[in-house]
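Residues per chain are reported as follows:
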Amino acid sequence: MVALNIVTYIFIGIGLFFNLVGSVGLHRLPDMYTRLHAATKCTTFGSIFIILAVIIQCAGIWAVEGDSTQSVMIIHVVLALVALVVTNATGAHGMARAAHRSGEKPARAVVDDLEKKQND
Amino acid sequence: MNWMPAIIVMMVCIGISVVRVFMGPGAPTRLVAFDTLNTLVVASLVIVAMMTGNRPFYIDVAIVYALLSYVMTLYVAKYIQGDKF
């Protein structure tokens, strides 16, 4: 159980680090697109690791104490992970597309290569 | 297993994102910050479920929150884009 707790702590540490990096990236970067780049990917990765830590902890309790109600927790957490991963990727795509079509320019941009493809 | 430091760090992350929601120049930046906030809240709800003694109904709340916040993001994105709907 001690080794299991150590693995869980390591996974939580990775997850919290990436969530913190994503939040700080919102303030460190200059425009909307780079902020989207930092925030979406880092928070998705960090949340994956936090949920993996929860899965490991629940599976460990299930294996050590024989408490089979932990399987409910694991299934629900996996469903939450699927919802999070699918919606984050498509949502980020939608946000970037909407911002580009509304005329938001990247910081210090000179040429916009996508401008002629606006109405495809 | 002590989950309290994890939830404190997540609260700090959420606070940083909220600052950007109120500061951010323009609607797209605020939308990005709000989407980050939603992801962090879902992760926090998973941690809260573990912290209060493995209760699965917090995870149900997290699933519904993730799906509804996705719908909100797409609606606001379509509004920023200037589409009619």
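Shown above is the structure to which this text applies.
Quick caveat, the model's predicted, so the values are computed rather than measured.

This next bit is on the environment of Val46 of chain B. Mapped onto the elements of the fold, Val46 of chain B is located in helix H2 (residues 27-51). Taking the C-beta count within 10 Å as the criterion, Val46 of chain B has 25 such neighbours and is therefore assigned buried. Taking the C-alpha atoms as reference, Val46 of chain B lies 9.3 Å from Val61 of chain B; in sequence the two are 15 residues apart. Filtering out sequence-adjacent residues up to four positions away, Val46 of chain B remains in contact with Ile50, Ile51, Val54, Val77 and Ala80 of chain A together with Ile59 and Ala62 of chain B.

A few words on the packing of helix H1 (residues 2-28) of chain A against H2 of chain B. H2 of chain B packs onto H1 of chain A with a crossing angle of 160 degrees between their chain directions and a minimal axis gap of 11 Å. The orientation of H1 of chain A with respect to H2 of chain B, classified from their angle, is roughly antiparallel. Considering how the two elements wind past one another, H1 of chain A and H2 of chain B form a crossing that is left-handed. Each of Asn19, Gly22, Ser23 and Leu26 of chain A in H1 of chain A lies in contact with H2 of chain B, whose residues at this interface are Ala33, Thr36, Leu40 and Ala43 of chain B.

Listed as interface residues are 43 residues of chain A and, on the opposing side, 39 residues of chain B. For the side of chain A that touches chain B, the secondary-structure elements that each account for two or more residues are H1, helix H2 (32-65) and helix H3 (70-101) of chain A. Take the side of chain A that touches chain B: its biggest share by element is 17 residues, from H3 of chain A. Split into classes, the residues belonging to the side of chain A that touches chain B amount to 22 nonpolar, 18 polar and three charged.

Glancing now at the nonpolar core. Core analysis: the biggest nonpolar cluster contains 48 residues, and Ile50, Val54, Val77, Ala80 and Met95 of chain A together with Val46 of chain B have the highest contact counts within it. If you list the elements that add at least two residues to this core, you get H1, H2 and H3 of chain A together with helix H1 (4-23), H2 and helix H3 (57-81) of chain B. Among the elements that take part in this core, H2 of chain A stands out by supplying 12 residues, more than any other. With residues near it in sequence (within four places) discarded, Met95 of chain A still touches Leu36 of chain A together with Pro28, Leu31, Val32, Asp35, Thr73 and Ala77 of chain B.

Right, let's get into the environment of Met10 of chain B. Considering the arrangement of structural elements, one finds Met10 of chain B in helix H1. On the basis of neighbour count, Met10 of chain B is assigned to the buried category, with 25 C-beta atoms found within 10 Å. Placed 31 residues apart in sequence, Met10 of chain B and Val41 of chain B show a C-alpha to C-alpha distance of 8.3 Å. The contact partners of Met10 of chain B, leaving out residues within four places of it in the chain, are Asn19 of chain A together with Leu40, Ala43, Ser44 and Ile47 of chain B.

Analysis parameters
- Counting of residues starts from 1 at the beginning of each chain's written sequence and follows it residue by residue.
- Labels follow written order: the first chain is A, the first ligand is 1, and so on.
- Local features in this predicted model are restricted to residues of pLDDT 70 or higher, and side-chain atom pairs are both shown and tallied only at a pLDDT of 80 or more, whereas totals for entire chains, interfaces and linings draw on every residue.
- The way it works is that DSSP assigns letters per residue, a run of H or I at least four long becomes a helix, a run of E at least two long becomes a strand, and they are numbered from the N terminus.
- Each residue is classed by its C-beta neighbour count within 10 Å, where at least 20 other C-beta atoms makes it buried, 12 or fewer makes it exposed, and intermediate counts make it partly exposed; the C-beta atoms are placed from backbone geometry.
- This entry defines residue contacts through backbone-placed C-beta atoms, with two residues in contact when those atoms are within 7 Å.
- An axis is simply a line fitted to the C-alpha atoms; with a helix, the fit covers only the stretch in contact. Between two such axes, the angle follows the N-to-C directions and lies from 0 to 180 degrees.
- When an angle is under 35 degrees it counts as roughly parallel; over 145 it counts as roughly antiparallel; between 65 and 115 it counts as roughly perpendicular; any other value is oblique.
- Should the near helix be turned counterclockwise from the far one by less than a right angle, the crossing is left-handed, whereas a clockwise turn marks it as right-handed.
- Residue polarity is assigned by list, with Asp, Glu, Lys and Arg as charged and Ala, Val, Leu, Ile, Met, Phe, Trp, Tyr, Cys and Pro as nonpolar; anything else, Gly included, falls into the polar class.
- Nonpolar core, as used here: buried Ala, Val, Leu, Ile, Met, Phe, Trp, Tyr and Cys residues forming one set through C-beta atoms within 7 Å.

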